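Understanding the architecture of this molecule
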Amino acid sequence: LLLAARGWGRLGAMSRYSTEQRGRSNSPDYRLYFKNADGKYISPFHDIPLFAGSKEDKEIPAKRSKTTGSEVLFNMIVEVPRWTNAKMEIATEEPLNPIKHDIKKGKLRYVANIFPHKGYIWNYGALPQTWEDPNHTDKITGCCGDNDPIDVCEIGSKIHSSGEIVQVKVLGVLALVDEGETDWKIIAISADDPEAQKIHGKYFYIDDVKKHKPGYLEATLDWFQLYKVPDGKPENHFAFNGEFKDKDFAVEIIKSTHEHWKALLHKKVDGGTIKCTNVLVSGSPFCCSDEDARSIVQSVRIF
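This one's a predicted model, so the numbers in the text were calculated from it and none came from an experiment.

A look at the overall build of the protein
- Within the protein, the regular secondary structure consists of five helices and 18 strands.
- Put simply, the protein has 303 residues, and 57% of those count as buried.
- A separation of at least 24 residues holds for 63% of the contacts in the protein among residues at least 6 apart in sequence.

Observations concerning helix H5 (residues 290-298)
- What H5 keeps buried is the set Ala293, Ile296 and Val297. End-on, the buried residues of H5 take up no more than an arc of 95°, which puts them together on one face.
- Check the buried side of H5 and you find it contacts strand S2 (17-22), strand S3 (31-36) and strand S4 (41-42).

Considerations on the nonpolar core
- One finds Leu96, Trp122, Ile155, Leu171, Trp223 and Phe224 to be the most contacted residues of the largest nonpolar core, which totals 56 residues.
- The biggest single contributor to this core is helix H3 (residues 216-226), with five residues.
- The contacts of leucine 96, once residues within four sequence positions are left out, are Tyr33, Tyr41, Ile42, Ser43, Pro44, Thr277, Val279, Ala293, Ile296 and Val297.
- Phe74, Val166, Val170 and Trp184 belong to the second-largest nonpolar core, a separate cluster that totals 21 residues.

What to know about unusual backbone geometry
- A cis geometry characterises the amide bond from phenylalanine 115 onward to proline 116, with omega recorded as 5°.
- Mapped onto the fold, proline 116 is located in the loop between strand S11 (107-108) and strand S12 (123-126).
- Despite not being glycine, asparagine 241 shows a phi value in the positive range, around 55°.
- Positionally, asparagine 241 belongs in the loop between strand S17 (237-238) and strand S18 (245-246).

Some remarks on the pairing of S12
- Side-chain alternation along S12 places Asn123 and Gly125 on one buried face and Tyr124 and Ala126 on a second face that is also buried.
- By the bridge criterion, three bridges tie strand S7 (residues 74-80) to S12 in an arrangement that is antiparallel. Counterpart to valine 80 in the pairing with S12 is tyrosine 124.
- With four bridges connecting them, S12 and strand S14 (residues 151-154) associate as antiparallel partners. Residue pairing for S14: glycine 125 is matched across the bridge by valine 152.

Topic: the side chain of glutamate 132
- Tracing the backbone shows glutamate 132 in the loop between S12 and strand S13 (144-145).
- Of the side chains with opposite charge, lysine 185 comes closest to the buried, unpaired glutamate 132, at an N-O distance of 6.8 Å.
- A distance of 3.5 Å separates a polar side-chain atom of glutamate 132 from the backbone nitrogen of tryptophan 184.
- Once residues within four sequence positions are removed from consideration, glutamate 132 is found in contact with Gly145, Asp146, Asn147, Asp148, Pro149, Ile150, Asp151, Thr182, Asp183, Trp184 and Thr257.

Digging into the pattern of salt bridges
- Applying the stated rule across the entire model yields 18 salt bridges.
- The salt bridge partner of lysine 87 is aspartate 102, with a shortest N-O separation of 3.7 Å. Note that lysine 87 is positioned in the loop between S7 and strand S8 (88-90) and aspartate 102 in the loop between strand S9 (99-101) and strand S10 (103-104), a separation of 15 residues in sequence. Aspartate 102 carries the same exposure label as lysine 87, and that label is buried.

A look at the environment of isoleucine 114
- Within the secondary structure, isoleucine 114 is located in the loop between S11 and S12.
- Relative accessible area serves as the criterion here: at 9%, isoleucine 114 is assigned to the buried category.
- Each C-alpha atom, one on isoleucine 114 and one on valine 229, is 9.3 Å from the other, the two residues being 115 residues apart in sequence.
- Apart from residues lying up to four places away in sequence, isoleucine 114 is in contact with Leu226, Tyr227 and Pro230.

What to know about the confidence of the model for the protein
- Averaged over the protein, the pLDDT score is 89; the fraction of residues at 70 or greater is 87%.
- This model gives residues 1-12 a pLDDT under 50, and the stretch forms 40 contacts once residues within four places in sequence are excluded.
- Every residue in residues 56-64 scores below 50 in pLDDT, and together they form 24 contacts with partners more than four places removed in sequence or on other chains.

Quick look at helix H2 (residues 205-212)
- Regarding H2, the residues found buried are Tyr205, Ile206, Asp208 and Val209. Buried residues in H2, looked at end-on, bunch into an arc of 155°, giving them a common side.
- Where the residues of H2 are buried, they touch strand S6 (71-72), strand S15 (165-178), H3, S18 and helix H4 (247-265).

A closer look at the environment of aspartate 146
- Within the secondary structure, aspartate 146 is located in the loop between S13 and S14.
- Taking C-alpha positions, aspartate 146 is 5.5 Å from glutamate 181, a pair spaced 35 residues apart along the chain.
- Non-local contacts of aspartate 146, meaning those with residues more than four positions away in its chain, are made with Glu132, Asp151, Glu181, Thr182 and Asp183.
- At 3.2 Å, the side chain of aspartate 146 and the backbone nitrogen of aspartate 148 are in polar contact.

Scoring rules and cut-offs
- Residues numbered from 1 in each chain as written.
- Predicted model: local features only at pLDDT ≥ 70, side-chain atom pairs only at ≥ 80, totals over all residues.
- Heavy atoms only, no water.
- Helix = DSSP H or I, 4+ residues; strand = E, 2+ residues; numbered from the N terminus.
- Buried < 20%, exposed > 50% of the residue type's maximum accessible area, 1.4 Å probe, protein only.
- Contact = heavy atoms within 4.5 Å.
- Arc of directions from axis to C-beta.
- Core = buried A, V, L, I, M, F, W, Y, C linked by side-chain atoms within 4.5 Å.
- Pairing = 2+ DSSP bridges.
- Lys, Arg positive; Asp, Glu negative; His and termini not counted.
- Salt bridge = Lys/Arg side-chain N within 4 Å of Asp/Glu carboxyl O.
- Polar contact = N/O pair within 3.5 Å; in protein donor to acceptor, adjacent residues only side chain to side chain.
- pLDDT = per-residue confidence, 0-100.

Put into structure tokens, the structure is as follows:
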């Protein structure tokens, strides 16, 4: 099954990208590939800018990064819509990094409903052009990175679609230690969400989240602590005793993971099985032609 590309038009980032599905939903064959406004296949991991409003083919961050007041906005790739259970993720080990259904021991993965929660309790996804280096020991957590783009929990009022690109305002971060790996969880809200304007404290956005969305951060902590327990695994742990760090701290973590990504894309570090194939990253030895990118997608079998 091949579905037509779809796009979104409310904010610039959404209208600039579309997706194309190959394979059946809820199957190991499912892949969601990305295209830019010119209809060219791209990697969401590598070719979508971290900073919203910046040029795709320029060094990041660009001077044109979009802001709301004094805020710099970031592009978020939505992998999992809120209230759903399928564990969808960017395929970091496949060329052009489509979104796929995670598989473990030959079975599609779904998160359990942890009472009183239903599936993922936020729109869940990642920031492009970031990478938590598994060979880098984080000075804060004492653990290495989890080998993925940095994760985002978007807490706005709308349910977003898998593959949607959302411009978000960063509010804070939680330091999850997952099976001995550092797994930062950025807390953010869509810039066009009605509640985004309520969260405007000069320094302490996390305090505003507690004020305007009472119980949400506590539920987030509870969810991440327990979500693997139904699979027979122990509870997760956190740095800082589970304290959410504020916006400025979160932005520094994002910048650090962006630097690790740049080293990866310019072959300054060993990425192992990570696929760095891209179309738009200037100077990257992994950059391929539009024709090569099209061939990658067309080579994927459609069942």
